[in-house]
Amino acid sequence: MTFDLHTHHNRCGHAHGSIRDYINAAVEKGMPYIGISDHTPFFAETDDHPSPEASMAKSEFPEYIREVLALKQEFAGQIEVLLGVEADFLPDHVDLYRSILHAYPFDYIIGSVHDFDGVSLYDTSHWEQLSPEGKLELKNSYYSYIAQSAKSGLYDILGHVDALNRYFPGYDKLRTEMADYTLSTIAAHDTVIEINSSDELWVPDGWLLERALHYGVKVTFGSDAHEPASVGEYFNEIRKHLMEIGYREWAIFKNRERIMLPLQV
Ligand SMILES: [Zn+2]
Ligand SMILES: [Zn+2]
């Protein structure tokens, strides 16, 4: 059973193709499920569309939902289209996001940390000028954001946990007890983490996934596709990787309810 719960499209301003293009790509790959999960607008900003290259306008959000729901109906019987969203985790605005997102019939909500303590996930130059202690502190701060996002109870899935591994050289070598605290917090709040394949370096890595399994954290898959051709990318490789680690099932969501599918084909 192939699926992909993390896909974007042209509304966010940095992905290519329409929602229909992503669904068609999944149909061509014979996938029974495709989740559409574009970035949330910046709901906390007063401006309707403050960052056209980061996410859709606030006023566009209802139209996004309508389009996915219409396609869900149109493709019924051919592929199951799931309505999702990738919400930024912003600790100061969780209640605002919660009240807005709860008004829509999502199958699932992904929560992702993109900024923490004023640092962007992609800010390699900031990382490089830090001392070893500073780097460890930054990693701990990132983990504390992830743990807080799990505690918020707003999300079914946490997006690209450990994405810093892609941008911050040496990140994976820094061991911290915060990893254990974060994973046990995620497990305690019954939240799922995705294996994100948007880059050849999948995140999180095998080391963290082994610990995640130990703490009972459930997993899912998301390509984080920003082009239709990337839908389902590395699905089978990641499936095998998870089997080797010891996982036997992974999750999809319908109507905010978790359904576990066997990893074994
Ligand atoms: Zn994106
Ligand atoms: Zn993201």
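Calculation notes
- Residues numbered from 1 in each chain as written.
- Chains lettered and ligands numbered in written order.
- Predicted model: local features only at pLDDT ≥ 70, side-chain atom pairs only at ≥ 80, totals over all residues.
- Heavy atoms only, no water.
- Helix = DSSP H or I, 4+ residues; strand = E, 2+ residues; numbered from the N terminus.
- Rg over C-alpha atoms; globule rule 2.2 N^0.38 Å.
- Buried < 20%, exposed > 50% of the residue type's maximum accessible area, 1.4 Å probe, protein only.
- Phe/Tyr/Trp six-rings, centres within 6.5 Å; stacked < 30°, edge-to-face > 60°.
- Lys NZ or Arg CZ within 6 Å of the ring centre and 35° of its normal.
- 1 Å grid on protein atoms, 1.4 Å probe; cavity = no way out; pocket = protein on both sides within 12 Å on 5 of 7 lines; lining within 4 Å.
- Points joined across faces, edges and corners; volume = space filled by probe spheres on them.
- Nonpolar A, V, L, I, M, F, W, Y, C, P; charged D, E, K, R; others polar.
- Donors = N, O, S within 2.8 Å, 3.2 Å for Na, K, Ca; no water.
- UniProt positions renumbered as here; feature names shortened; annotations may be inferred.
- Salt bridge = Lys/Arg side-chain N within 4 Å of Asp/Glu carboxyl O.

Can you tell me about the overall build of the protein, naming the residues and giving the values?
On a plain count of helices and strands, the protein comes out with nine helices and eleven strands. For 265 residues, the compact-globule formula gives about 18 Å, and the C-alpha radius of gyration of the protein, at 18 Å, lands near that figure. Expressed as lengths along the three principal axes of its C-alpha atoms, the size of the protein is roughly 55 × 50 × 30 Å. By the burial criterion, 50% of the 265 residues in the protein qualify as buried.

An account of the packing of aromatic side chains is requested, with residue identities and associated values reported.
By the definition in use, this model includes 22 aromatic pairs. With a centroid separation of 5.0 Å and 75° between ring planes, the pair formed by Phe-3 and Trp-250 is classed as edge-to-face. Within this pair, whereas Phe-3 is found in the segment before helix 1 (19-28), its partner Trp-250 is found in strand 10 (residues 249-254), the two being separated by 247 residues in sequence. Here Phe-3 matches Trp-250 in class, with each residue buried. Taken together, Phe-89, Phe-116, Trp-127, Tyr-142, Tyr-143, Tyr-145, Tyr-155, Phe-168 and Tyr-171 form an aromatic cluster joined through their ring pairs. The cationic tip of Lys-139 hangs over the ring face of Tyr-171; the distance from NZ or CZ to the ring centre is 4.0 Å. Over the ring of Trp-207 we find Arg-175, and its NZ or CZ is 3.7 Å from the ring centre.

Hey, could you go over empty space enclosed by the protein for me, with residue numbers and the actual values?
In total, this model carries four cavities of 30 Å³ or more according to the counting rule given. The calculated volume of the largest cavity comes to roughly 60 Å³. Forming the boundary of the largest cavity are Lys-139, Tyr-143, Asp-162, Asn-165, Asp-172, Leu-174, Arg-175, Thr-176, Ala-179, Asp-205, Trp-207 and Leu-208. Within the residue set of the lining of the largest cavity, elements represented by two or more residues are helix 5 (132-151) and helix 8 (206-215). Lining the second largest cavity, in full, are Ile-186, Ala-187, Asp-190, Thr-191, Gly-216, Val-217, Lys-218 and Arg-258. Residue classes in the lining of the second largest cavity are distributed as three nonpolar, two polar and three charged.

Break down the coordination of the zinc ion (ligand 1) for me, with residues and values.
Listed as protein donors to the zinc ion (ligand 1) are His-14 (NE2), His-39 (NE2) and His-226 (NE2); their distances from the metal cover 1.9 to 2.1 Å. Counting gaps between the donor residues of the zinc ion (ligand 1) yields the pattern H-x24-H-x186-H. The metal-metal distance between the zinc ion (ligand 1) and the zinc ion (ligand 2) is 5.8 Å. Within this pair, whereas His-14 is found in the segment before helix 1, its partner His-226 is found in the loop between strand 9 (219-222) and helix 9 (235-245), the two being separated by 212 residues in sequence. His-14 gets classed as partly exposed once you look at its relative accessible area, which sits at 33%.

Any chance you could break down the UniProt feature "domain: Polymerase/histidinol phosphatase N-terminal" (unreviewed entry) in the protein for me, citing the residues and the numbers?
Those residues carrying the UniProt feature "domain: Polymerase/histidinol phosphatase N-terminal" (unreviewed entry) are residues 3-91 in this numbering. In residues 3-91, the share of helix is 27% and the share of strand is 12%. The end C-alpha atoms are 30 Å apart.

Now, about the pattern of salt bridges: what can you tell me, with residues and values included?
Scanning all chains against the criterion turns up eleven salt bridges. A salt bridge links Arg-20 to Glu-74; its shortest N-O distance comes to 2.7 Å. You can see Arg-20 sitting in helix 1 and its partner Glu-74 sitting in helix 2 (residues 61-74), a full 54 residues away along the chain. Three or more residues are tied together by salt bridges with common partners; here these are Arg-11, Glu-60 and Glu-67.

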